[in-house]
Amino acid sequence: MNTSNRWFSIIEKVVLRVIDGLVLTSKEYYNQYYKHLGNNRVTSFHFIENKVPKVLLPQRVKGNKKVTRQITIGLIGLLRYELPILRLIKFVENNPSLFSLKVFGDGPLKHYFKKGHSDITYYGSFKNPDELGNIYKQIDISYVVYDPSSLNVRLAVPNKLYESAFFRVPILCSANTYLSKLVKEWGIGDEVNISSQKIFDRDMLKYLNASWIESKLENCLRIPNSNLVDDQENVIINFIGE
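Residues numbered from 1 in each chain as written. Predicted model: local features only at pLDDT ≥ 70, side-chain atom pairs only at ≥ 80, totals over all residues. Heavy atoms only, no water.

(A) Quick look at the overall build of the chain. Per the secondary structure count, the chain includes eleven helices and eight strands. Computed over C-alpha atoms, the radius of gyration of the chain comes to 19 Å, within 12% of the 18 Å expected from 2.2 N^0.38 for 242 residues, which places it in the range of a compact globule. A principal-axis box enclosing the C-alpha atoms of the chain has dimensions of 60 × 40 × 30 Å. A gap of 2 Å separates the mean positions of the 32 positive and 24 negative side-chain charges of the chain. (Helix = DSSP H or I, 4+ residues; strand = E, 2+ residues; numbered from the N terminus. Rg over C-alpha atoms; globule rule 2.2 N^0.38 Å. Lys, Arg positive; Asp, Glu negative; His and termini not counted. Charge placed at Lys NZ, Arg CZ, Asp CG, Glu CD.)

(B) Region of the structure containing helix α8 (residues 197–207). Every buried residue belonging to α8 is among Gln197, Phe200, Asp201, Asp203, Met204 and Tyr207, and all of these are buried. For α8, the arc enclosing every buried residue in end-on projection is 165°, short of the 170-degree limit, so these residues lie on one face. Residues of α8 that are exposed and point over 90 degrees away from its buried face: Lys198 and Arg202. Where α8 is buried, its residues contact β3 (71–76), α3 (82–94), β6 (141–144), β7 (171–174), β8 (189–192) and α9 (210–221). (Buried < 20%, exposed > 50% of the residue type's maximum accessible area, 1.4 Å probe, protein only. Arc of directions from axis to C-beta. Contact = heavy atoms within 4.5 Å.)

(C) Quick look at the packing of aromatic side chains. In total, this model carries 13 aromatic pairs according to the counting rule given. Judged by centre distance (5.0 Å) and plane angle (35°), the ring pair of phenylalanine 91 and phenylalanine 99 falls under tilted. Accessibility assignment for this pair places phenylalanine 91 and phenylalanine 99 in one class, buried. When the centroid spacing of 5.1 Å and the interplanar angle of 15° are considered together, the rings of tyrosine 136 and phenylalanine 167 count as stacked. Of this pair, tyrosine 136 sits in helix α4 (residues 132–137) while phenylalanine 167 sits in the loop between α6 (159–166) and β7, and the two are 31 residues apart along the sequence. (Phe/Tyr/Trp six-rings, centres within 6.5 Å; stacked < 30°, edge-to-face > 60°.)

(D) Fine view of the pairing of β6. Here β6 shows two buried faces, one formed by Ile141 and Tyr143 and the other by Ser142 and Val144. One ladder, built from two bridges, connects β3 with β6; its direction is parallel. Bridged to isoleucine 73 within β6 is isoleucine 141. Looking at chain direction, β6 and β7 are connected through three bridges and run parallel. Looking at the pairing, valine 144 lines up with cysteine 173 of β7. (Pairing = 2+ DSSP bridges.)

(E) Layout of the pattern of salt bridges. Enumeration according to the criterion identifies six salt bridges in this entry. Salt-bridge contacts for lysine 51 lead to glutamate 49; the nearest nitrogen and oxygen are separated by 3.6 Å. Exposure remark for lysine 51: the relative accessible area of 15% places this residue in the buried category. Judged by its relative accessible area of 21%, glutamate 49 is partly exposed. (Salt bridge = Lys/Arg side-chain N within 4 Å of Asp/Glu carboxyl O.)

(F) Structural detail: the environment of valine 61. Tracing the chain through its elements places valine 61 in the loop between β2 (44–47) and β3. With 53 residues separating them along the chain, valine 61 and lysine 114 place their C-alpha atoms 31 Å apart.

(G) View of the nonpolar core. Membership of the largest hydrophobic core comes to 32 residues, with the highest contact counts inside it found for Leu161, Trp186 and Ile188. Contributions of two or more residues to this core are made by α4, α6, β7 and α7 (178–186). Sorting elements by how many residues they give to this core places α7 first, with five residues. Ignoring sequence-local partners within four residues, the contact set of isoleucine 188 consists of Leu161, Ala165, Pro170, Ile171, Val183, Lys216, Asn219, Cys220 and Ile223. Within the second largest apolar cluster, 30 residues are counted, among which are Val67, Phe99, Tyr143 and Phe200. (Core = buried A, V, L, I, M, F, W, Y, C linked by side-chain atoms within 4.5 Å.)

(H) Here's a closer look at the sheet that holds β8. In space, the six strands of this open sheet follow the order β5-β4-β3-β6-β7-β8, with parallel pairing throughout. With partners counted over all chains shown, the strands left at the sheet margins are β5 (120–124) and β8, one partner each. Across the sheet, the axes of successive neighbouring strands diverge by a mean angle of 25°, strand direction being ignored. Sheet analysis places β7 next to β8, joined by four bridges and oriented parallel. Its bridge partner being in β8, leucine 172 is matched across the sheet by aspartate 190. Contacts from α3 reach β3, β4 (99–104), β5 and β6, with the element oriented near 145° to β4. Along the sheet face, α9 touches β3, β6, β7 and β8 and points at about 125° away from the line of β8. (Axes fitted to C-alpha atoms, helices over the stretch in contact; angles between N-to-C directions.)

(I) Broad picture of the side chain of aspartate 140. Along the polypeptide, aspartate 140 turns up in the loop between α4 and β6. No salt bridge is formed by the buried aspartate 140. Its closest oppositely charged neighbour is lysine 65, at 6.1 Å.

Structure representation (structure tokens):
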């Protein structure tokens with residue numbers, strides 16, 4: 001979604017006049033953008049969120065998880081948001097006895113993790129969804145902090161929300177985003193501010209302790225499978241049946 005491009009918005013308005021329905025991955029795209037785009041002939045909006053594939057349902061984590069003295073932060077997925085990555089690297093480097101970082105994924109910024117940091121391990125790309133369970137077993141916190149200057153980041157709901165609750169791993173995400181609103185409503189994590197290293201470090205240290213993590217682990221168990229597991233077949237059937 002590129003709302004800064006006037007011509008793109010015009011094209012979208014034209015398209016919305018001639019289609020019968022539109023599928024979105026976040027309800028906030030509709031609330032903050034498409035709802036105000038102008039009158040159109042779209043009969044309905046449908047939402048297919050980035051939930052956990054049904055094939056992983058037997059792997060849902062329900063057993064007890066213990067937090068060791070050195071908390072392991074996990075960064076999973078496409079490595080493309082520079083400032084949140086640099087903030088995290090410096091934070092871990094400044095607190096080596098307390099935190100370690102494991103990075104799973106690929107992207108234009110992977111070079112930051114190939115510099116031999118003693119408490120930072122880069123594993124490279126992985127097979128999704130086959131290796132997700134093993135990845136989440138290795139971490140205590142899922143770092144889902146992107147650059148909130150992007151409207152897409154502020155409105156999107158990444159698959160990490162559903163994966164983290166499913167595999168019982170609390171989330172830290174960007175402040176002032178729709179994701180942070182959901183994370184706090186579900187009680188499975190909180191938000192951090194990346195505006196300065198000092199503020200970022202303050203926020204990280206506030207949450208990254210055993211008692212906070214364990215309370216969020218319990219809340220993960222309370223999220224039903226219906227909120228986490230992919231249901232796109234039902235959405236598509238309802239869409240076609242209208």
